[in-house]
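Observations on the three-dimensional arrangement
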Amino acid sequence: MKKIYLTISLALLSGGIMHAQEAPKAAKYPHTMTNHGDTRVDDYYWMNEYWLDGPQKQEVVDYLNAENAYTAKIMEPTKDLQESLYNEILARIKQTDESVPYFENGYWYITKTEEGKEYPIYVRKKGNMDAPEELLLDVNKMAEGYDYYQVSGLNITPDNKILAYGVDTVSRRQYTIYFKNLITGETLKETIANTSANLEWAQDSKTFFYTTQDEKTLRDNKIWKHQLGNAKSTKLVYEEKDEKYYAYVSKTKSNRYIIINSHSTLSSERRFIPADQPDAKFIVFLPREKDHLYNITDFEDNFYIVTNWNATNFRLMKSPAGKPAAKETWTEVIAHRPDVLLEDIDIFKDYLVLTEINKANTHIRIIPWKQKDKEYYIPFDADAYVAGVGYNPEFNTDKIRIYYQSMATPSTQYEFNMSTKERTILKQQEVLGDFKSENYTTKRLWATAKDGTQIPISIVYKNDFKRDGSQPLLLYGYGSYGASMSPYFSSTRLSLLDRGFAFAVAHIRGGEEMGRQWYEDGKIFKKMNTFTDFIDCADFLIKEGYTTPEHLYANGGSAGGLLMGAVVNMRPELWKGVISDVPFVDVVTTMLDETIPLTTGEYDEWGNPNNKDSYFYMKSYSPYDNIEAKKYPNLMINTGLHDSQVQYFEPAKYVAKLRELKTDNNILILNCDMTIGHGGSSGRFQRLKEIARDYSFFLMLEGITK
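Predicted, not measured: the structure shown is a model, and the values here were computed from it.

Notes on the overall build of the protein
- Per the secondary structure count, the protein includes 13 helices and 40 strands.
- Against the globule reference of 27 Å for 706 residues, the protein gives a C-alpha radius of gyration of 26 Å, in line with a compact fold.
- Principal-axis analysis of the C-alpha atoms places the extent of the protein at approximately 70 × 60 × 50 Å.
- A total of 706 residues make up the protein; the buried ones form 58% of that total.
- In the protein, the proportion of contacts linking residues at least 24 apart, taken out of those at least 6 apart, comes to 56%.
- Within the structure as shown, the protein displays about 29,300 Å² of accessible surface, and the carbon and sulfur contribution to it stands at 47%.
- Each charge sign in the protein was given a centre, from 84 positive and 97 negative side chains, and these centres are 1 Å apart.

Structural notes on the sheet that holds strand E31 (residues 412–417)
- The sheet built from 4 strands is open, its strands ordered E29-E30-E31-E32 with antiparallel pairing. Only two strands of the sheet have a single neighbouring strand rather than two, namely strand E29 (386–389) and strand E32 (423–428). Between one strand axis and the next, the sheet turns through 25° on average, direction left out of account.
- The pairing of E31 with E32 spans 5 bridges and is antiparallel. Residue pairing for E32: glutamate 415 is matched across the bridge by threonine 424.

Side note on unusual backbone geometry
- Phi is positive for alanine 360, close to 70°, though the residue is something other than glycine.
- You can see alanine 360 is positioned in the loop between strand E26 (351–358) and strand E27 (361–368).
- Overall, alanine 360 belongs to the buried group, its relative accessible area being 9%.
- Of note, tyrosine 481 is a non-glycine position whose phi angle comes to about 60°, a positive value.

Examining the nonpolar core
- The biggest cluster of nonpolar side chains holds 113 residues, and the ones touching the most others in it are Phe534, Leu541, Trp575 and Phe697.
- No other element matches helix H13 (residues 684–702), which puts 10 residues into this core.
- The residues touching tryptophan 575, leaving out its near neighbours within four places in the chain, are Leu475, Phe534, Ile535, Ala538, Pro549, Leu552, Ala554, Val567, Val568 and Pro633.
- Grouped together as the second largest cluster of nonpolar side chains are 17 residues, Phe348, Val353, Val389 and Ile402 included.

Section: the pairing of strand E18 (residues 257–263)
- Of all 7 residues making up E18, 6 are buried, and the element is well covered by its neighbours.
- Two elements, strand E17 (residues 246–251) and E18, share 6 bridges in a ladder whose sense is antiparallel. When the bridges of E18 are listed, alanine 247 appears paired with serine 262.
- Connecting E17 to the next strand, E18, in antiparallel fashion are 5 residues, including asparagine 255 with a positive phi near 65°.

Here's the deal with the packing of aromatic side chains
- All chains considered together, the criterion is met by 44 aromatic pairs.
- With centroids separated by 5.2 Å and ring planes inclined at 55°, the aromatic side chains of tyrosine 146 and tyrosine 149 adopt a geometry described as tilted.
- You can call tyrosine 146 partly exposed: its relative accessible area is 42%.
- An aromatic cluster is present here, built from Tyr257, Phe272, Phe285, Tyr294, Phe303, Trp309 and Trp330 joined pairwise through their rings.

Topic: the pairing of strand E9 (residues 133–138)
- Where strand E8 (residues 121–126) meets E9, 5 bridges bridge the pair, whose relative direction is antiparallel. Note that in E9 the partner of valine 123 across the bridge is leucine 135.
- What sits between E8 and E9 in their antiparallel hairpin is a turn of 6 residues, with glycine 127 showing a positive phi close to 85°.

Remarks on the pattern of salt bridges
- Within this structure, the stated rule accounts for 44 salt bridges.
- Ionic pairing is found between lysine 349 and aspartate 350, a salt bridge with its closest N-O pair at 3.7 Å.
- Of the charged contacts, one joins glutamate 356 and arginine 365 as a salt bridge, the two residues approaching to 3.0 Å between their closest N and O atoms. Each of the two residues, glutamate 356 as well as arginine 365, counts as buried.

Observations regarding the environment of phenylalanine 435
- Checked against the element boundaries, phenylalanine 435 lands in the loop between E32 and strand E33 (440–448).
- Given a relative accessible area of 17%, phenylalanine 435 falls into the buried group.
- Contact partners of phenylalanine 435, with chain neighbours within four places excluded, come to Ala408, Pro410, Tyr440, Phe489 and Leu494.

Considering the environment of tyrosine 624
- For tyrosine 624, the location among the structural elements is in the loop between helix H11 (612–621) and strand E39 (634–640).
- Each C-alpha atom, one on tyrosine 624 and one on lysine 657, is 7.7 Å from the other, the two residues being 33 residues apart in sequence.
- When residues no more than four places from it in sequence are discounted, the contact partners of tyrosine 624 are Asp42, Tyr44, Val585, Asp586, Lys653, Tyr654 and Lys657.
- Looking at tyrosine 624, its side chain comes within polar contact range of the side chain of aspartate 42, at 2.6 Å.

Overview of the sheet that holds E27
- With antiparallel pairing, 4 strands are arranged side by side in an open sheet as E25-E26-E27-E28. What marks the edges here is a single partner per strand, and that holds for strand E25 (341–347) and strand E28 (376–377).
- Strand direction decides the pairing type here: E26 and E27, joined by 8 bridges, are antiparallel. Its bridge partner lying in E27, threonine 355 is registered against isoleucine 364.

Comments concerning the packing of helix H7 (residues 528–543) against helix H8 (residues 559–570)
- Running from N to C, H7 and H8 point in directions that differ by 65°, and their axes come no closer than 10 Å. With respect to H8, the axis of H7 lies roughly perpendicular. Taken as a pair, H7 and H8 cross one another with a handedness that is right-handed. Residues Met528, Thr530, Phe531, Thr532, Phe534 and Ile535 of H7 form the contact with H8, whose participating residues are Leu562, Leu563, Met564, Ala566, Val567 and Met570.
- Its residues placed into classes, the contact of H7 with H8 shows 10 nonpolar, 2 polar and no charged.

Focus: the side chain of serine 233
- When you line up the elements, serine 233 lands in strand E16 (residues 230–239).
- For serine 233, a relative accessible area of 18% gives the class buried.
- At a separation of 3.4 Å, a polar atom in the side chain of serine 233 contacts the side chain of histidine 226.
- Leaving out residues up to four positions away in the same chain, serine 233 has contacts with Lys225, His226 and Gln227.

Parameters and conventions
Residues numbered from 1 in each chain as written. Predicted model: local features only at pLDDT ≥ 70, side-chain atom pairs only at ≥ 80, totals over all residues. Heavy atoms only, no water. Helix = DSSP H or I, 4+ residues; strand = E, 2+ residues; numbered from the N terminus. Rg over C-alpha atoms; globule rule 2.2 N^0.38 Å. Buried < 20%, exposed > 50% of the residue type's maximum accessible area, 1.4 Å probe, protein only. Contact = heavy atoms within 4.5 Å. Areas by Shrake-Rupley, 256 points an atom, 1.4 Å probe, with all protein chains shown as cover. Lys, Arg positive; Asp, Glu negative; His and termini not counted. Charge placed at Lys NZ, Arg CZ, Asp CG, Glu CD. Pairing = 2+ DSSP bridges. Axes fitted to C-alpha atoms, helices over the stretch in contact; angles between N-to-C directions. Core = buried A, V, L, I, M, F, W, Y, C linked by side-chain atoms within 4.5 Å. Phe/Tyr/Trp six-rings, centres within 6.5 Å; stacked < 30°, edge-to-face > 60°. Salt bridge = Lys/Arg side-chain N within 4 Å of Asp/Glu carboxyl O. Polar contact = N/O pair within 3.5 Å; in protein donor to acceptor, adjacent residues only side chain to side chain. Parallel < 35°, antiparallel > 145°, perpendicular 65-115°, else oblique. Left-handed = near helix turned anticlockwise from the far one by under 90°. Nonpolar A, V, L, I, M, F, W, Y, C, P; charged D, E, K, R; others polar.

Below you can see the structure in the form of structure tokens.
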């Protein structure tokens, strides 16, 4: 096969200076696909050969390396700026730090970081904080010699003697589980490969249940039982055969039950056994039903069920614990409310704690079990904020951990006394340097969509920001899977705000910021609402004088990368520059390929293109299928070779086709990290370098060099 790329000369305009550079041009090998009488020709289909290990594997690597070299050339003028940004961002971070300790099963647990070290250190202290420190894991030492190293799923036996944890050294979210004897400090020889790092111990501290993945699709589909040290004890206890469902194992807060959870986008099913009877047969609490989502936990003699049965925004029910129960026998505890989403619950001896979402903000509701008429909400003052219930493993307590932050207020952890309503700050994120919250303004705005729907926007900027259209604004969005985008604080973002940028989050349909219906109105055959909402938010910000198209930038990742691809196709003139991270852009082809991770499990999110209506609706917005010969904004596309969620070849093909068809001289670069996957770098400092690189792209386009 001939070399797969040639070079062409492009004149690239950045910061008002013309640069002549050579851009890779991918070879075209037409691949014809016909579905429902519709024929598509994909000239760059061959780029998926890396993981197929086919004859073009090396050509794929050569092309990606050529794109990376080209990106390095284009970004070369920002080298000093990137270094300056990195040092500036790093200087705000308290490198040697530790988490607020939490108490569980006789020990205080702490996560530490140390100056100059990339990874966390996990320790514990027995009984009280004055006890000697016991090292659980020093991930810095474990990661030596690896380009990528991720530890996940730490889980300690009820007798506190054995630690299980998962390790991923490739960034494909495939973990090997290791075991450490916390008494001797020895790491055991026994390991379990191809897992999701999901594991739960039975109460005997010997038996555990864990999840493995389908080798091709990486779907978490099998639950196994095993006794540590007994190779012959491994037994498959559950296999999820429906390709739309994933399986995982969990334990209730009381430690009384082990739960096997099967879930798809719109349906779930729970099986349980007593945690002190690991050899018992799992019992189905309620068989799965179409469009029924539910979860269970236990308190005293009942299972408590968060369910969307006849309740779009969910409600809370209960039934006798330890036995299956038909829905009709359940007793209602918290009724459904059409304007409030019941997101989660936490149960304590004397209190029920509800996490609710209303009008794009989170609210924490406290209900005393014995005085339900004395319920109340924890007050928060900001217009737009992030709040929630932290990790609270203790059951018999009046005190809970809560957290709070806004775009102008660093992350703050509180201890809240549910009896006295007293709030004590345990820790606030320390921002080094001259940062002061009062120097920044954050608020909630509301844009009107074309159909009249009010779309919330959270925005932050420095107090001297001018609303005359002269200053830059970065608009972020996601809008999928019911994931709510929180208006969180970021010390790294200060590097943009201090240089005159405003930062805004568009809480578009497809998330759950305005309740479950907000999600329903942004998926499958209503997916176009997600894209038009984002555009309407941009138009609103321009109309209100926050910016102009000459200074408007956008960013989104994964499904948010799909958003970026759609809006630059629909309104390319609206944006000065866009960064699209690990973007899901080849929607139709990917959703037709059932061997790709996530495909079949996401039919309820995007639709199944094997059905004619879904196929043509997807095709109407799929970024890759809708690239045209027209002008596009400046674009940076980021991906990772080992991405298991959105395969590297989607963004690679996207850039190749854009470069072929676009009629402008704007920047188009692909950055493919050959060592990472969907979540980016595993080391905290390397991640800061990625942020500095992205910020320098926006600043370069804005003509800001320092």
